[in-house]
Amino acid sequence: MENTIKIFIYIHAFFGGLGLITGIGSIVERKGNLNHKRLGKWFTWSMIISSVISLVVARMPNHINNFLFLIGIFTIYMVLAGNRALTFKSTKKTEANLIDKMVSGVMVVCGLFMLGFGINGLVHGYSQSILFVFFGAFGIFLPYGDYKLFSKTLENRKLWLITHLSRMLGALIASITAFLVAGMKYDNLWAWMIPTVLGTVYIIYWIKKVKGKLKPKTA
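Keep in mind it's a predicted model, so treat the numbers as computed, not measured. Each chain has its residues counted from 1, running along the sequence as written. Only residues with pLDDT of at least 70 get local features here, since the model is predicted, and only at 80 or more are side-chain atom pairs given and counted; chain-wide, interface and lining totals rely on the full set of residues. Only heavy atoms go into the side-chain values, all of them from the structure, while hydrogens and water stay out.

A. Structural detail: helix 4 (residues 98-123). Numbering of helices and strands starts at the N terminus; helices are DSSP runs of H or I of at least 4 residues and strands are runs of E of at least 2. Given the number of residues in a helix, its expected span is that number minus one, multiplied by 1.5 Å. Counted at 1.5 Å a residue, the expected span for helix 4 with its 26 residues is 38 Å, and the 37 Å between its end C-alpha atoms agrees. For helix 4, the set of buried residues is Asp100, Val103, Ser104, Met107, Cys110, Gly111, Met114, Gly118 and Gly121. In this fold, the buried residues of helix 4 make contact with helix 3 (66-86) and helix 5 (130-152). Nitrogen and oxygen atoms within 3.5 Å of one another constitute a polar contact, given that in protein one can donate a hydrogen and the other can accept it, and given that sequence-neighbouring residues count only through two side-chain atoms. Between the side-chain oxygen at the start of helix 4 and the backbone nitrogen of isoleucine 99 there is a gap of 3.1 Å, and the oxygen is on asparagine 97. A positive backbone phi angle near 85 degrees is found at glycine 125, which sits one or two residues after helix 4. Using a 1.4 Å probe on the protein chains alone, a residue whose accessible area is under 20% of its type maximum counts as buried, one over 50% counts as exposed, and one in between counts as partly exposed. When checking whether two residues touch, look at their non-hydrogen atoms; a contact exists if any pair is within 4.5 Å.

B. Up close: the packing of aromatic side chains. We call Phe, Tyr and Trp rings a pair once their centres come within 6.5 Å, taking the six-membered ring for Trp, and we label the pair stacked below 30 degrees between planes, edge-to-face above 60, and tilted otherwise. If you walk through the whole model with that rule in mind, you get 14 aromatic pairs. Considering the side-chain rings of phenylalanine 67 and tryptophan 192, the 5.0 Å spacing of their centres and the 80 degrees angle between planes classify their relative orientation as edge-to-face. With phenylalanine 67 in helix 3 and tryptophan 192 in helix 7 (residues 189-213), the pair connects residues that are 125 residues apart, well separated along the chain. Take phenylalanine 67 and tryptophan 192: they sit in the same class, and that class is buried. Ring plane angle 25 degrees and centroid distance 6.1 Å describe the contact between tyrosine 202 and tyrosine 205, whose orientation is recorded as stacked. Of this pair, tyrosine 202 and tyrosine 205 both sit in helix 7, three residues apart, which is roughly one turn of that helix. Take tyrosine 205: its relative accessible area is 46%, and that puts it in the partly exposed class.

C. Summary view of the packing of helix 2 (residues 34-57) against helix 3. Geometry is summarised by axes, namely lines fitted to C-alpha atoms with helices restricted to the contacting stretch, and by angles between N-to-C directions that run from 0 to 180 degrees. The contact between helix 2 and helix 3 brings their axes to 8 Å, and the two run at 155 degrees. Considering the angle they form, helix 2 stands roughly antiparallel to helix 3. Where helix 2 crosses over helix 3, the two elements pack in a sense that is left-handed. Contacts between helix 2 and helix 3 involve Thr44, Met47, Ile48, Ser51, Val52, Ser54 and Leu55 on the former and, on the latter, Phe69, Gly72, Ile73, Thr75, Ile76, Val79, Leu80 and Asn83. Class assignment of the residues belonging to the contact of helix 2 with helix 3 gives a composition of nine nonpolar, six polar and no charged. By definition in this entry, angles of less than 35 degrees are roughly parallel, angles greater than 145 are roughly antiparallel, angles of 65 to 115 are roughly perpendicular, and the rest are oblique. Helix crossings are classified by the rotation of the near helix relative to the far one: an anticlockwise turn of less than a right angle makes the crossing left-handed, while a clockwise turn makes it right-handed. For this scheme, ten residues count as nonpolar: Ala, Val, Leu, Ile, Met, Phe, Trp, Tyr, Cys and Pro. Four count as charged, namely Asp, Glu, Lys and Arg, and the remainder, Gly too, count as polar.

The following block contains the structure:
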């Protein structure tokens, strides 16, 4: 069994590394061109495969880890929500469908579980539980942005792009964090939190840039 788990971990690490490389590549490429789209697809599938395998490993004997399991769901949500946002580019799509709602709904449930685990852990004196609270808060907040997209997509034609950029960049932040924690062995609070904090600043920068770039011209 342990050898099987090791194989899963190696496959998980391979696709995680591929996701990191293709994710960075998609940022470097000009948004919307063919290479950006191709790298985005590689990034999407790499992150999904890597995260799904992490879900399996996190439930195996002697490797059970609730935090990594929930982080895996968090990452899958980011990738799926980022890609689902693209479907709102067309004005023919006027409202969210069942898949859109399920992706966001699962994230809300996951976020609530993370907050619950975190608060319980802090009450019992486990300082590392702050990570549950930290990511749980993000997990509940992000679907609110999805709701804005679902309900106001025709009123604000910037929302699909803002949601796509923020979710895909969020997934890239997850791959960078995994590289620091698992690859570089910096398994501490700072390694888990700093990429998210810095990445959030970068996401805010892009959101502001998009809002300014897409502002309607006045006569």
